[in-house]
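Fold and geometry: a report
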Amino acid sequence: MRNSKWIRPVVTAVIIAAAFAIVYVLFFGNGRSSRETGAIPDSELQSAFPDHKEAGSKLSSDYRKVAENEHLELYLKEQSLSIQVKDKRSGYMWSSEIIDTESNESWKNFMASGLSLDYFEESKPNATRTDLVSQANKSITLESLEKGFKAIIRLDDLKLGMELHVSLEKDQLVVRIPQQSILEGTKTKLGSVYVYPFLGATKAGEVDGYMFIPDGSGALIRLADNKGKFKIPYEAKIYGTNEGIETVNRDIFTNPPLTVQYPVFGMVHAEGGNGLFGIVENGQYNAKIVAYPNGVNTPYNWTTAQFLSRESYLQPTSRSLGGVIVYEKARNPEDIQIRYTFLNGKDASYVGMAKTYQAYLEEKSILVRDKGKADTAIPLQMDVLGAETENGMFAKRLIPMTTVSQLEEMLGDMKKNGIGNVNVVYKGWNEGGYSGTNPSPVKYESALGSKKDFERLAASLRESGNPLHLYSDFTTGNEASKRFSAQTDAAKKIDKSILTIPTYEEVYKTIYYLSAEATSKLVKQNTKQYVSQNVSGIAVDETGSVLFSEMAGKSRSSRSQTAQSYKAAMQGLSDAIPSLLMYAPNDYMLPYADQVLDVPMESSQYIYISETVPFVQMVLKGYKDYFAPYSNFFANPQASLLRMIETGSYPSYYLTHETSYKLKHTNSNDVYTSAYKDWRDSMTETYRILDDALKPTIGAKMQNHERLSDGIVKVSYDNGVEVLVNYTNRDYQWEGVSVPPKGFQVIEVNR
């Protein structure tokens, strides 16, 4: 055909243009519904952000009282929505505003604003930060609320709007942004929100005290002049990394930070003086706890929650890992809400914060106290590995590590040695062993014993007051399992790729997260089989602690929706099974966990952390039995023993009958020391010491935790018991009581 050379470049250009149009429609625009993207109709947008609006009354730049109750007074600066809260009990004034003359303009405005936010623009993958002070073209309409105010905010240049509700409730301040009040145009999308981030902030070491962060068991960051030695803030997503959107660094040589399982933070101005404790009540599933010590960007110490409405991610456009950075289409659906409690006197401390949170969880029926608890000995939790697998020449080979009869021998020997109150969690009990079979069949591995053998073991344990707990994981899957298909059961990330997890092991190199729907179905199926087989104890791993967003069909399912699905599944399992244990559950899973396993006793030990505190243990003590991580994996057994006494933590072990050398070529090769015969004597002595120390505290609540001097801790309980712990190498004398070096002393206090 003559003159046809023009066809190829034209067709190529059309294809390229179409490709760009598809990417644009998918990630930035017009093909999405207004409900999904958060955009509002043009008519409503014009009404919310008119081009020519009437001039309203000028907003005041002075503070005025807007609410008062018997405990607090609330003052508002209208211009920036900054607030001051006066605690009438002590006369102390808390302020959300920092007047700074030395920082750059961006930080000055951020510190002076009651509300700050990050936003995405359609042509920019990274978010931009702004605040009320920086936005000159805005309107703020104020309305009175009972004991507070409502601010209707419109940022006209960005076409972003929302309502801020602030009110007093007894000794608390509640700050809320209703999700339905958020307005967005088509070109600018909300990324994240900070509400009163500098409430309680201090400069350098001008105020004595500390920030509290929920890292591990709990940690303090001292308010001090750090001389510029800290460069990075504390930033941790509540409930851990969202693997449905984030890329996780699973480098086996790095030590990942501990997961934030409790959505709280706090600030103390002079311990015993005044304190502020924040609970993230709504929006916690997509929020971070942040804490900036002095010297990180500014000379101020401040801590708050950052609420994530959207996040950016890499959307692959080719199999060669190429892609474009885009932001999430849909906004996270939860309201934003923080409840601040103002503390003074002896309650102005991390102890007061723990008591406040404990009372809060009890009021919400998340924690229920068992007042009838009267065990004669402390419990010991023992994970036992039944069977594992390794690669064979032609097929996987099963490796029995602890048969039923061997486990019975171990338990008999432990009882002779004085350890009779044992929680047994049997791992790898199911057909095919521990690794590679998940979702596991509800069928006993015959190489470990017959069904009658398992039933005999379970009956024997029930007689001693502790059912046999079968280890279960409803959240991860392996393609080697006959009950799992990656195509139909695996969760899909927001970029629509399958959510895989590398193991870095030689037998099963990859596992998957199940979709929330698949997890729910699995729990229901297993529950029926557990009940039919008279199973009375289950130990749940992963489901209580892992949380991610996913693509469910063509729509996005948020982390809050995943959590609700998990909670419903665990409610059904808890109703059917007499005893349910959970490994490191997040706070929303506590109602379903009869006992809590793998509770951290330490923090992540970041350089800016000045002290690790037992916040989590103070919250749980008297409500849930909780167990420390495995004692046979401690690097410093003596120090860890004292730490268990200090935190009121019960011991746990991961044991096998056979030597752990047999696990060398399995996915459990990290279990490097587990043979019962190797740990028998040490476990017996550790249990004896812990029973002497902690038996007097069974069922009691921690009343106080204090450091008498360097290396000396005193823990007080509400039943009149006090426990002194001496970490030093010398005797310590306290009110006529001698505490030996590297030892403890239990005191019955007369009341």
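A brief look at the structure comes next.

**Observations concerning the overall build of the protein chain**
Looking only at helices and strands, one finds 13 helices and 45 strands in the protein chain. The C-alpha radius of gyration of the protein chain comes to 28 Å, within 12% of the 27 Å expected for a compact globule of 751 residues. For the C-alpha atoms alone, the extent of the protein chain along its principal axes is close to 95 × 85 × 45 Å. Counting every position in the protein chain, which comprises 751 residues, the buried fraction comes to 58%.

**Regarding the side chain of aspartate 495**
Among the secondary structure elements, aspartate 495 is positioned in the loop between helix H8 (486-489) and strand E30 (500-502). We note that aspartate 495 is buried and unpaired, the nearest opposite charge coming from lysine 493 at a distance of 4.8 Å. There is a polar contact of 2.6 Å between the side chain of aspartate 495 and the side chain of serine 497. For aspartate 495, the residues in contact, after removing those within four places along its chain, are Tyr313, Leu314, Gln315 and Pro316.

**Overview of helix H12 (residues 637-647)**
Of all 11 residues in H12, 8 are buried; the element is thus mostly enclosed. Within the span of H12, buried status applies to Ser640, Leu641, Leu642, Arg643, Met644, Ile645, Glu646 and Thr647. Positioned one or two residues after H12, glycine 648 has a phi angle of 70°, which is positive.

**Here we look at the nonpolar core**
Note that soluble globular proteins tend to have their nonpolar side chains buried in a common cluster. Grouped together as the largest cluster of nonpolar side chains are 199 residues, with contacts concentrated most on Leu173, Met382, Tyr426 and Phe615. Sorting elements by how many residues they give to this core places helix H13 (residues 676-694) first, with 8 residues. Ile712, Leu724, Tyr732 and Ile747 belong to the second largest nonpolar core, which has 7 residues in total.

**Quick word on the pattern of salt bridges**
Close approach of charged atoms allows side chains with opposite charge to pair. Inspection of the entire model under this criterion finds 40 salt bridges. Measuring nitrogen to oxygen at the nearest pair gives 3.5 Å for the salt bridge that ties aspartate 383 to lysine 427. With a gap of 44 residues between them, aspartate 383 in strand E24 (residues 380-385) and lysine 427 in strand E27 (residues 422-427) connect regions that are remote in the sequence. You can call lysine 427 buried: its relative accessible area is 5%. Close ionic contact of glutamate 431 with lysine 443 constitutes a salt bridge, the shortest N to O distance being 3.6 Å. Here glutamate 431 is found in the loop between E27 and helix H7 (451-463), whereas its partner lysine 443 is found in the loop between E27 and H7, with 12 residues between them in sequence. Its relative accessible area of 46% is what places lysine 443 among the partly exposed residues. Three or more residues joined by partner-sharing salt bridges are found here, namely Arg222, Glu602, Glu611, Arg643, Glu646 and Arg707.

**Things to note about unusual backbone geometry**
Note: most residues except glycine have negative phi, and most peptide bonds are trans. In this model, asparagine 438 is joined to proline 439 through a cis peptide bond whose omega is 0°. You will see that asparagine 534, though not glycine, has its phi angle at about 60°, which is positive. By secondary structure assignment, the location of asparagine 534 is in the loop between helix H9 (516-532) and strand E32 (537-541). Residues other than glycine seldom take positive phi values, yet glutamate 735 does so here, at roughly 50°. Note on placement: glutamate 735 falls in the loop between strand E43 (732-734) and strand E44 (737-739). The exposure class assigned to glutamate 735 is exposed, which follows from its relative accessible area of 68%.

**Remarks on the packing of helix H6 (residues 404-416) against H13**
It is the contact of H6 with H13, at a shortest axis distance of 11 Å, that shows an interaxial angle of 20°. Accordingly, the angle class assigned to the pair H6 and H13 is roughly parallel. In the packing of H6 onto H13, the handedness of the crossing is right-handed. Residues Met410, Asp413 and Met414 of H6 touch H13, and the partners they reach there are Tyr676, Arg680 and Met683. When its residues are assigned to classes, the contact of H6 with H13 shows 4 nonpolar, no polar and 2 charged.

**Topic: the packing of H12 against H13**
Across the interface, H12 lies against H13 with an axial gap of 10 Å and an inter-helix angle of 25°. In terms of axis orientation, H12 runs roughly parallel to H13. Considering how the two elements wind past one another, H12 and H13 form a crossing that is right-handed. Taking contact as the criterion, the partners of Leu641, Met644 and Ile645 in H12 are, on H13, Thr686, Ile689, Leu690, Ala693 and Leu694. Among the residues making up the contact of H12 with H13, the classes are represented as 7 nonpolar, 1 polar and no charged.

**Description of the sheet that holds strand E3 (residues 82-87)**
A sheet is described by the order of its strands in space; here 4 strands give the open sequence E1-E2-E3-E4, paired in antiparallel fashion. Every other strand in the sheet has two partners, leaving strand E1 (63-68) and strand E4 (92-95) as the edge strands with one partner each. Across this sheet, the average inter-strand angle for adjacent strands is 25°, counted without regard to direction. One ladder, built from 5 bridges, connects E1 with strand E2 (residues 72-77); its direction is antiparallel. Across the sheet, residue alanine 67 finds its bridge partner in E2, namely leucine 74.

**A look at the side chain of glutamate 388**
Relative to the helices and strands, glutamate 388 is located in strand E25 (residues 387-391). It turns out glutamate 388 is buried and unbridged, and the closest side chain with the opposite charge, lysine 427, is 9.3 Å from it. Of note is the side chain of glutamate 388, whose polar atom sits 2.5 Å from the side chain of serine 668. Filtering out sequence-adjacent residues up to four positions away, glutamate 388 remains in contact with Arg397, Leu398, Ile399, Tyr434, Ser435, Leu663, Thr666, Asn667 and Ser668.

**A short note on the sheet that holds strand E31 (residues 510-513)**
Taken together, the 3 strands give an open sheet; going across it, the order is E29-E31-E30, and neighbouring strands pair in antiparallel fashion. Both edges of this open sheet fall to strand E29 (476-477) and E30, since each of them pairs with a single strand only.

Cut-off values and rules
- Residues numbered from 1 in each chain as written.
- Predicted model: local features only at pLDDT ≥ 70, side-chain atom pairs only at ≥ 80, totals over all residues.
- Heavy atoms only, no water.
- Helix = DSSP H or I, 4+ residues; strand = E, 2+ residues; numbered from the N terminus.
- Rg over C-alpha atoms; globule rule 2.2 N^0.38 Å.
- Buried < 20%, exposed > 50% of the residue type's maximum accessible area, 1.4 Å probe, protein only.
- Lys, Arg positive; Asp, Glu negative; His and termini not counted.
- Salt bridge = Lys/Arg side-chain N within 4 Å of Asp/Glu carboxyl O.
- Polar contact = N/O pair within 3.5 Å; in protein donor to acceptor, adjacent residues only side chain to side chain.
- Contact = heavy atoms within 4.5 Å.
- Core = buried A, V, L, I, M, F, W, Y, C linked by side-chain atoms within 4.5 Å.
- Axes fitted to C-alpha atoms, helices over the stretch in contact; angles between N-to-C directions.
- Parallel < 35°, antiparallel > 145°, perpendicular 65-115°, else oblique.
- Left-handed = near helix turned anticlockwise from the far one by under 90°.
- Nonpolar A, V, L, I, M, F, W, Y, C, P; charged D, E, K, R; others polar.
- Pairing = 2+ DSSP bridges.

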